[in-house]
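What follows is each chain in one-letter form.
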Amino acid sequence: MAWSEWIRTVEVEPSIYAADFANLGAQLQDLLRAGARVFHFDVGDGHFVPPVTIGPIVLESISPIIRGAGALTDCHLMVEEPQKHFAALASARADSVTVHLEAVGDRLDECVGAAREHGLQIGLAFKPETPPAAAATAALAAGVDMVLCMSINPGYSGQAFMPEALDRIRELRTLLPATMPIQVDGGVGPENITELRVAGATLFVAGASVFGREDYVRAYDRLVQLLS
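Just so it is clear, the structure is predicted and the values come from calculations on it, not from any experiment. (Residues numbered from 1 in each chain as written. Predicted model: local features only at pLDDT ≥ 70, side-chain atom pairs only at ≥ 80, totals over all residues. Heavy atoms only, no water.)

(A) Representation of the overall build of the chain in the model. For the chain, the helix and strand inventory stands at 11 helices and 8 strands. Taken over the C-alpha trace, the chain has a radius of gyration of 16 Å; the compact-globule value for 228 residues is 17 Å, and the two agree within 12%. Principal-axis analysis of the C-alpha atoms gives the chain an extent of 40 × 35 × 35 Å. Relative to its 228 residues, the chain shows a buried fraction of 56%. Carbon together with sulfur atoms contributes 51% to the accessible area of the chain, which is approximately 9300 Å² in total. Both charge centroids of the chain, one from 16 positive and one from 28 negative side chains, sit 5 Å from each other. (Helix = DSSP H or I, 4+ residues; strand = E, 2+ residues; numbered from the N terminus. Rg over C-alpha atoms; globule rule 2.2 N^0.38 Å. Buried < 20%, exposed > 50% of the residue type's maximum accessible area, 1.4 Å probe, protein only. Areas by Shrake-Rupley, 256 points an atom, 1.4 Å probe, with all protein chains shown as cover. Lys, Arg positive; Asp, Glu negative; His and termini not counted. Charge placed at Lys NZ, Arg CZ, Asp CG, Glu CD.)

What follows is the structure, encoded as structure tokens:
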């Protein structure tokens, strides 16, 4: 399925990186019952970003829970050689991979082709210092499925939202087709999610603002309600 078939106009994507890994299966099941349909899965290699995060082995263990409920997994690859991981992620039942423009440069076409070969959707992410026009130009030329505008420096969960991301999303929205989803990742919460929607985002990655709350299901519900 394509991103256009996955999303219900907008989606709040709980970010698994911020979850309690001792209780991960139960947390996912709670959020699935609350209506979560897409989960965000961050992969960091310790090179492109400082932390080494989670990978295909974790994804393989939770995929039966997510897929069994009819939901999907969106993998954000904060790594230097993303295409090397496509086969393992596809085998672990990933649905989409997102690569960074800063990591792949002029090899984006190669990454898109490799993702398609593995039956994966593919998105293009860009860091706060990268101009939105550069990301939009690359995304359109390569034919990616969505664009991720980072509202923090990628790597660590729980960072504060960068307010200048709003203008970057507004600019990006003018440069992309109306049908192409724009994802925002970093510091997304109840204090800014409505404004981000107005700016043009349609996919909202929520880590600490969901899993960092004692009642994470209620926190997820509140974000969804703010978008309705």
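Structure's up, so let's keep going.
(B) Expanded view of the side chain of Ser151. Inspection of the secondary structure puts Ser151 in the loop between strand E6 (146-150) and helix H8 (165-175). Within the structure, the side chain of Ser151 is placed 2.6 Å from the backbone oxygen of Gly186, a separation counted as a polar contact. In contact with Ser151, other than residues within four places in its own chain, are Ala160, Phe161, Met162, Ala165, Val184, Asp185 and Gly186. (Polar contact = N/O pair within 3.5 Å; in protein donor to acceptor, adjacent residues only side chain to side chain. Contact = heavy atoms within 4.5 Å.)

(C) How the structure looks around the state of the cysteines. Taken as a whole, this structure holds 0 disulfides when the rule is applied. Among the cysteines around Cys149, which has no disulfide bond, Cys111 carries the closest sulfur, lying 20 Å off. (Disulfide = S-S within 2.5 Å.)

(D) Fine view of the pattern of salt bridges. This model, assessed by the stated rule, comprises 7 salt bridges. Ionic pairing is found between Arg33 and Asp30, a salt bridge with its closest N-O pair at 2.5 Å. Taken together, the residues span about one helical turn, with Arg33 and Asp30 both in helix H2 (residues 24-33) at a distance of 3 residues. Among the ionic pairs, Arg170 bridges to Glu195, the shortest N-O distance being 4.0 Å. (Salt bridge = Lys/Arg side-chain N within 4 Å of Asp/Glu carboxyl O.)

(E) Molecular detail of the environment of Trp6. Position of Trp6 relative to the elements: it lies in helix H1 (residues 3-6). Note on Trp6: relative accessible area 2%, which makes it buried. Expressed as a C-alpha distance, the spacing of Trp6 and Thr137, which sit 131 residues apart in the sequence, is 24 Å.

(F) Expanded view of helix H7 (residues 132-142). Here H7 has its buried residues at Pro132, Ala135, Ala136, Ala138, Ala139 and Ala142. The arc that holds every buried residue of H7, seen down its axis, measures 170 degrees, which confines them to one face. Across from the buried face of H7, at angles greater than 90 degrees, the exposed residues are Thr137 and Ala141. Looking at the buried residues of H7, the elements they touch are helix H5 (101-104), helix H6 (108-117), strand E5 (121-126), E6 and H8. Note on H7: the residue one or two positions beyond its end, Gly143, has a positive phi of about 75 degrees. (Arc of directions from axis to C-beta.)

(G) Just the packing of aromatic side chains, in detail. One pass over the full model with this rule turns up 1 aromatic pair. If you follow Lys127 out to its NZ or CZ, it ends over the ring of Phe48, 4.5 Å from the centre. (Phe/Tyr/Trp six-rings, centres within 6.5 Å; stacked < 30°, edge-to-face > 60°. Lys NZ or Arg CZ within 6 Å of the ring centre and 35° of its normal.)

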